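The residues making up each chain are set out below.
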Amino acid sequence: MAKLNPFKNKDVILIKDFTRDDLFYLFQKADKIERMPERDRICLLNGKILGYLFFEPSTRTRLSFEAAMLWLGGRTLGFAEPKVSSVEKGESLADTIRTVENYVDVIVMRHSKDGAASFAAEIASKPLINGGSGTEEHPTQAMLDLYTIIKEKGSIDNLKIGLLGDLKYGRTVYSLLYGLSKFNVEVKLISHPILRVRREIFFDLEKKVKISEHDNLEEILPDLDVLYVTRIQKERFPDLSEYERVKSSYNVNLKILQKAKDDLIILHPFPRIDEISPEVDSSPHAKYFKQMLNGRILRSALLASILDVPF
Ligand code: NCD
């Protein structure tokens, strides 16, 4: 018997709300969609509309959600910055949601405030996907990160995974950490001391997954199977002089990578600033461009599952 669709009509707010089985359901659907002949795939979301509400800048999340919808024959409408909407005139988030839900079947929203996605989901009568909420979570990024690890490594269990960069403010880090905590992995957190994972979350994660903290990348690198690099989140620092102190604290380059395992893979949610040198892009370690492509595939599977079309 086919497994029940755990994403049917569901909001996607936090990765914590999904089990390991739910994630595998999604990964199988993503594989299936990727292999589907174009004539079948392009009919899947025919007549369906995705609404996108982006209160913060985005390139990959918004475009890959749009691309996913178009890839399955659906359509999209929305705004990529609040300035062009009535938000600029003072309209509330609640009224914006109550408006858009009349025109669409599913909503993806990005917002600078923690909690904004769950607030919007409580108001919306249509499924709402969190496309990044403050420093809190970015669940679909973690889904595509985990999907990429499985595709590249065959499985997630038994891997040693390093997370490098801004572990304090990076929301993709929190979603990925909670996602990884559903697997049997060893997590090494590598950052400047002032950019460590927020304490309450670290203590919670410690109970769920083998996790340790480091500041020397070169020491840890030879052990790793996966290195997940993140940018320092300048816009989230309450004090810019602190940012100046820690910016450029790490740089992944070909010289450092001589210490890595041959089959180490490097992921990054992007945008990148200077934490990975462009010379790394053509090395076999670099999987971040494939990761972007996987973003469209995974998000296609997610949209088709939420909208519960049979496939
Ligand atoms: C990330 C985000 O917005 O949280 N980008 C993304 O969605 N791929 C990472 C970042 O901004 O650094």
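Please read these numbers as outputs of a predicted model, since none were measured by experiment. (Residues numbered from 1 in each chain as written. Predicted model: local features only at pLDDT ≥ 70, side-chain atom pairs only at ≥ 80, totals over all residues. Heavy atoms only, no water.)

## Description of the domain arrangement of the chain
It is common to give the size of an interface as the accessible area lost on bringing the parts into contact. Considered domain by domain, the chain is made up of domain 1 (15-136 + 294-306) and domain 2 (139-292). Computed over C-alpha atoms only, the centres of domain 1 and domain 2 are separated by 25 Å. Counting residues at the interface gives 32 residues for domain 1, matched by 29 residues for domain 2. Of the roughly 2600 Å² buried between domain 1 and domain 2 on both sides combined, carbon and sulfur atoms contribute 59%. A per-residue breakdown of the area domain 1 buries against domain 2 is headed by Ile-15, Arg-60 and Asn-294, which together make up 28% of the total. Taken together, the connections running from domain 1 to domain 2 amount to four salt bridges. For the salt bridge of Arg-236 with Glu-56, the shortest nitrogen-to-oxygen distance reads 3.1 Å. When residues of the side of domain 1 that touches domain 2 are traced back to their parent elements, those giving at least two are helix H1 (20-35), helix H3 (60-71), strand S3 (106-111), strand S4 (128-133) and helix H12 (288-306). Broken down by element, the side of domain 1 that touches domain 2 gets its largest block of residues, eight residues, from H1. Split into classes, the residues belonging to the side of domain 1 that touches domain 2 amount to 12 nonpolar, 10 polar and 10 charged. (Domains from an automatic or database assignment. Contact = heavy atoms within 4.5 Å. Buried area = accessible area lost by both parts, 1.4 Å probe. Salt bridge = Lys/Arg side-chain N within 4 Å of Asp/Glu carboxyl O. Helix = DSSP H or I, 4+ residues; strand = E, 2+ residues; numbered from the N terminus. Nonpolar A, V, L, I, M, F, W, Y, C, P; charged D, E, K, R; others polar.)

## Quick look at the sheet that holds S4
With parallel pairing, the four strands of this open sheet are ordered in space as S2-S1-S3-S4. A single partner strand is all that each edge strand has here, and the edge strands are strand S2 (75-79) and S4. On average, each strand axis in the sheet is tilted by 15° relative to the strand beside it, whichever way the strands run. Relative to S4, S3 runs parallel, the two sharing four bridges. Bridge assignment links His-111 to a residue of S4, and that residue is Ser-133. Along the sheet, helix H5 (residues 116-123) contacts S3 and S4; its crossing angle with S4, the most-contacted strand, is approximately 160°. Lying on the sheet, H12 is in contact with strand S1 (49-54), S3 and S4; it crosses S4 at an angle near 145°. (Pairing = 2+ DSSP bridges. Axes fitted to C-alpha atoms, helices over the stretch in contact; angles between N-to-C directions.)

## Quick look at the packing of aromatic side chains
All told, the structure shown has 12 aromatic pairs when counted by the stated rule. Taking 5.6 Å as the distance between ring centres and 75° as the angle between the ring planes, the aromatic pair formed by Phe-237 and Tyr-243 counts as edge-to-face. Grouping residues by exposure puts Phe-237 and Tyr-243 together as buried. Taken together, the ring pairs in this structure connect Phe-24, Phe-27, Tyr-147 and Phe-183 into an aromatic cluster. A cation over a ring is seen here: Arg-198 above Tyr-174, with NZ or CZ 4.2 Å from the ring centre. Just above the ring of Phe-202 sits the side chain of Arg-199; from NZ or CZ to the centre is 4.7 Å. (Phe/Tyr/Trp six-rings, centres within 6.5 Å; stacked < 30°, edge-to-face > 60°. Buried < 20%, exposed > 50% of the residue type's maximum accessible area, 1.4 Å probe, protein only. Lys NZ or Arg CZ within 6 Å of the ring centre and 35° of its normal.)

## Structural notes on the pairing of strand S7 (residues 210-214)
With five bridges joining them, strand S6 (residues 186-190) and S7 adopt parallel strand pairing. Considered in S7, the bridge of Val-187 is made with Ile-211. Handedness of the crossover joining S6 and S7 through helix H8 (residues 199-206) is recorded here as right-handed. (Right-handed = clockwise from strand over helix to strand, strands pointing away.)

## Observations concerning the pairing of S3
In terms of burial, S3 is largely enclosed, as six of its six residues are buried. Side chains Val-106, Val-108 and Arg-110 of S3 all project onto a buried face; the interleaved residues Ile-107, Met-109 and His-111 project onto the opposite face, where all are buried too. Note: S1 against S3, five bridges, orientation parallel. In the strand pairing of S3, Phe-54 is matched with Arg-110. Running through H5, the crossover from S3 to the neighbouring parallel element S4 is right-handed.

## Focus: the environment of Ala-116
Relative to the elements of secondary structure, Ala-116 occurs in helix H5. The residues contacting Ala-116, other than those within four sequence positions of it, are Leu-93, Met-109 and His-111.

## Here we look at helix H4 (residues 93-100)
One turn of the α-helix equals 3.6 residues, which is why residues spaced by three or four share an orientation. Taken as a whole, H4 has its buried residues at Leu-93, Ala-94, Thr-96, Ile-97 and Val-100. Each buried residue of H4 lies within a common arc of 160° when the element is viewed along its axis, so the set occupies one face. The inward-facing, buried residues of H4 contact S1, S2, S3, H5 and S4. (Arc of directions from axis to C-beta.)

## Overview of the site of the ligand
Every residue lining the ligand is accounted for by Thr-61, Arg-110, His-138, Gln-141, Arg-171, Thr-172, Arg-231, Gln-233, Pro-269, Phe-270 and Pro-271. Contact distances for the ligand include 3.1 Å between a nitrogen atom and a side-chain N or O atom of Gln-141. Between an oxygen atom of the ligand and a side-chain N or O atom of Arg-231, the distance comes to 2.7 Å. Taken by itself the ligand offers 320 Å² of open surface, and the protein chains cover 94% of this. Along the lines of polarity and charge, the residues of the shell around the ligand split into three nonpolar, five polar and three charged. (Near = heavy atom within 4 Å. Polar contact = N/O pair within 3.5 Å; in protein donor to acceptor, adjacent residues only side chain to side chain. Areas by Shrake-Rupley, 256 points an atom, 1.4 Å probe, with all protein chains shown as cover.)

## A few points about the nonpolar core
Note on soluble globular proteins: their nonpolar side chains tend to be buried together. Grouped together as the largest cluster of nonpolar side chains are 66 residues, with contacts concentrated most on Met-143 and Leu-163. Each of two domains, domain 1 (15-136 + 294-306) and domain 2 (139-292), supplies a minimum of three residues to this core. Not counting residues within four places of it along the chain, the set of residues in contact with Met-143 comprises Phe-7, Val-12, Ile-15, Phe-18, Leu-23, Leu-26, Phe-27, Leu-298 and Leu-302. Core analysis: the second largest hydrophobic core is formed by 20 residues, Leu-224, Ile-256, Ile-276 and Val-280 among them. (Core = buried A, V, L, I, M, F, W, Y, C linked by side-chain atoms within 4.5 Å.)

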